[in-house]
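Take a look at the letters that make up each chain.
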Amino acid sequence: MPALLYGLGFLAVYLLAICTPWGQRVENALFDLGTDNREEAWIYPLSGAAYGSTPLPPMELSAKPTLMVGLAVIVVITLVRRCWWQGCAALGVVILTTGGKVVLNSTLPRPDLVGAPENLLDQGFPSGHTAIPAALTLAAVLVASPRVRPYAVTAGVLWLACTAAYSATMGGHRPSEVLGAALLACACYRLATWLSPAPAPDATRSPRALPAITLTLASSVALASAARNDTLTGSLVSAATAFICAALVWHAAVGRPAHHAPA
């Protein structure tokens, strides 16, 4: 089951980054780089953190409205296309991912193994801001028509790259928390398609050049969204994290169709 593989990846990220002293030291150092200098991030004027600015969804306070709008769009598309099981599976992906994020935030412990300052001990695994675009992108795979599906996935992956880079570079989440959100969304997507009695969507047929174009654009978006004036290391790590998230969701969306549970 691909869902199991994504789940094991999620567990590995948690254990290595959060439950080992060296993982905590590395992430605490990166996490603390931009905490007090958020204005140094290039994306700061668009993040909603600046006074009077309107955030790009789902940044800052726009997270919940973005989620509600996304769920409403899934319902509308389901009603128009009459793809009942696919629509239910898409809703399940979004609800499982975002609801699972809330449960995991409150249940997974973050042990202090290195004597970190109190402001670095908050639990944020996995990232909620990253989970929203990842889940909505994978939900779009289930309800979009085959002709539109490749381009919907491309748009969602670019949106995810921007949001994931923002979450990491603005000091809101550590790289492991951002990666954990993408892996959680991929696991929920594969689980939902495996359990659904409806035919799984075929591997997304797209123009031959689209995968290369999408991943190239995703890397560019990640670099631009993660850029900071005060730290090259933090910028590159945040950009690499965002690109990996985008690549994971792209692979889950365009890979082989999910198998179903036996009748």
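S.K.: Explain the overall build of the protein to me, please; I cannot follow it from the model alone.
M.R.: When helices and strands are counted, the protein shows nine helices and zero strands. When the helices and strands of the protein are listed from N to C terminus, the series reads α-α-α-α-α-α-α-α-α. Taking 18 Å as the expected radius of gyration for a compact globule of 263 residues, we find that the protein reaches 18 Å, a close match to that expectation. Projected onto the principal axes, the alpha-carbon positions of the protein cover approximately 50 × 35 × 35 Å. The 263 residues of the protein split such that 49% are buried. Taking as baseline every contact in the protein between residues at least 6 positions apart, the subset at least 24 positions apart corresponds to 80%. Here the protein displays about 12500 Å² of accessible surface, and carbon together with sulfur accounts for 69% of that area. Here the protein contributes 15 positively and 12 negatively charged side chains, and the mean placements of these two sets differ by 21 Å.

S.K.: Just checking my understanding: could you explain helix 8 (residues 210-226) for this structure?
M.R.: Given 3.6 residues per helical turn, the α-helix brings residues three or four places apart onto the same face. Taking 1.5 Å of rise per residue, 17 residues should cover 24 Å, and helix 8 covers 24 Å from first to last C-alpha, within 8% of that figure. Turning to helix 8, its buried residues are L210, T214, A218, A222, S225 and A226. Taken down its axis, helix 8 places every buried residue within 110 degrees of arc, on the same side. Packed against the buried residues of helix 8 are helix 6 (149-169) and helix 9 (232-254).

S.K.: Can you walk me through the packing of helix 7 (residues 175-195) against helix 9 in this structure?
M.R.: Helix packing for two helices is described by the angle between their axes and how far apart those axes are. Taken N-terminus to C-terminus, the directions of helix 7 and helix 9 make an angle of 5 degrees; their axes are 9 Å apart at the nearest point. Regarding the angle of helix 7 to helix 9, the classification is roughly parallel. The segment helix 7 lies against helix 9, with P175, V178, L179, A182, L183, C186, Y189 and R190 engaging V237, T241, I244, C245, L248, V249 and A252. Its residues placed into classes, the contact of helix 7 with helix 9 shows 13 nonpolar, one polar and one charged.

S.K.: What is the right way to look at the side chain of S167 in this model?
M.R.: In this structure, S167 sits in helix 6. The class for S167 is buried, based on a relative accessible area of 2%. Ignoring any residue separated from it by four or fewer positions in sequence, one finds S167 in contact with S127, H129, T130, G172, H173 and V178.

S.K.: In this structure, what is going on with the confidence of the model for the protein? I would like to understand it.
M.R.: Should the pLDDT be low somewhere, the predicted coordinates at that spot are not to be read in detail. Summarising the model, the protein shows a mean pLDDT of 88, and 92% of its residues fall at 70 or more. pLDDT under 50 marks residues 257-263. Its contacts with residues more than four places away, or in other chains, come to 20 contacts.

S.K.: How should the packing of aromatic side chains be read in this particular structure?
M.R.: Between two aromatic rings, the relevant description is the distance of the centres plus the angle of the planes. Counted by the stated rule, this structure contains two aromatic pairs. With 4.9 Å between their ring centres and 45 degrees between their planes, F10 and F125 make a pair best called tilted. Of the two residues, F10 sits in helix 1 (residues 2-18) while F125 sits in the loop between helix 4 (84-107) and helix 5 (128-143), which places them 115 residues apart along the sequence. Of the two residues, F10 and F125, both sit in the buried class. With a centroid separation of 5.5 Å and 45 degrees between ring planes, the pair formed by Y14 and F125 is classed as tilted. Of this pair, Y14 sits in helix 1 while F125 sits in the loop between helix 4 and helix 5, and the two are 111 residues apart along the sequence.

Rules behind the numbers
The residue numbers shown here count from 1 along each chain, following its written sequence. The model is predicted, so local features are restricted to residues of pLDDT at least 70 and side-chain atom pairs to those at 80 or more, both for listing and for counting; the totals for chains, interfaces and linings are taken over all residues. Excluding hydrogens and water, the side-chain figures rest on all heavy atoms present in the structure. Helix numbering and strand numbering both begin at the N terminus, where a helix is a DSSP run of H or I of at least 4 residues and a strand a DSSP run of E of at least 2. Atoms considered for the radius of gyration are the C-alpha atoms alone. The globule rule reads 2.2 Å times the number of residues to the power 0.38. To sort residues, take the accessible area from a 1.4 Å probe on protein chains only and compare it with the maximum for the residue type: under 20% means buried, over 50% means exposed, and anything in between is partly exposed. When checking whether two residues touch, look at their non-hydrogen atoms; a contact exists if any pair is within 4.5 Å. A 1.4 Å probe and the Shrake-Rupley method give the accessible areas. Residues count as covered only by the protein chains that appear here. A residue counts as positive if it is Lys or Arg and as negative if it is Asp or Glu; His and the chain ends are not included. Positions of charges follow a simple convention, taking NZ of Lys, CZ of Arg, CG of Asp or CD of Glu. Expected span of a helix, by definition, is 1.5 Å for each gap between consecutive residues, and there is one gap fewer than residues. Directions from the helix axis toward the C-beta atoms define the arc. Angles run from 0 to 180 degrees between N-to-C directions of axes, and those axes are lines fitted to C-alpha atoms, restricted for helices to the stretch in contact. Convention used here: angles under 35 degrees read as roughly parallel, angles over 145 as roughly antiparallel, angles from 65 to 115 as roughly perpendicular, and any remaining angle as oblique. Note that Gly is not counted as nonpolar here; it falls among the polar residues with everything else outside the nonpolar set of Ala, Val, Leu, Ile, Met, Phe, Trp, Tyr, Cys and Pro and the charged set of Asp, Glu, Lys and Arg. Residue-level confidence of the predictor, termed pLDDT, takes values from 0 up to 100. Any Phe, Tyr or Trp ring, taking Trp's six-membered ring, that has another such ring centre within 6.5 Å forms a pair; planes under 30 degrees apart are called stacked, those over 60 apart edge-to-face, and the others tilted.

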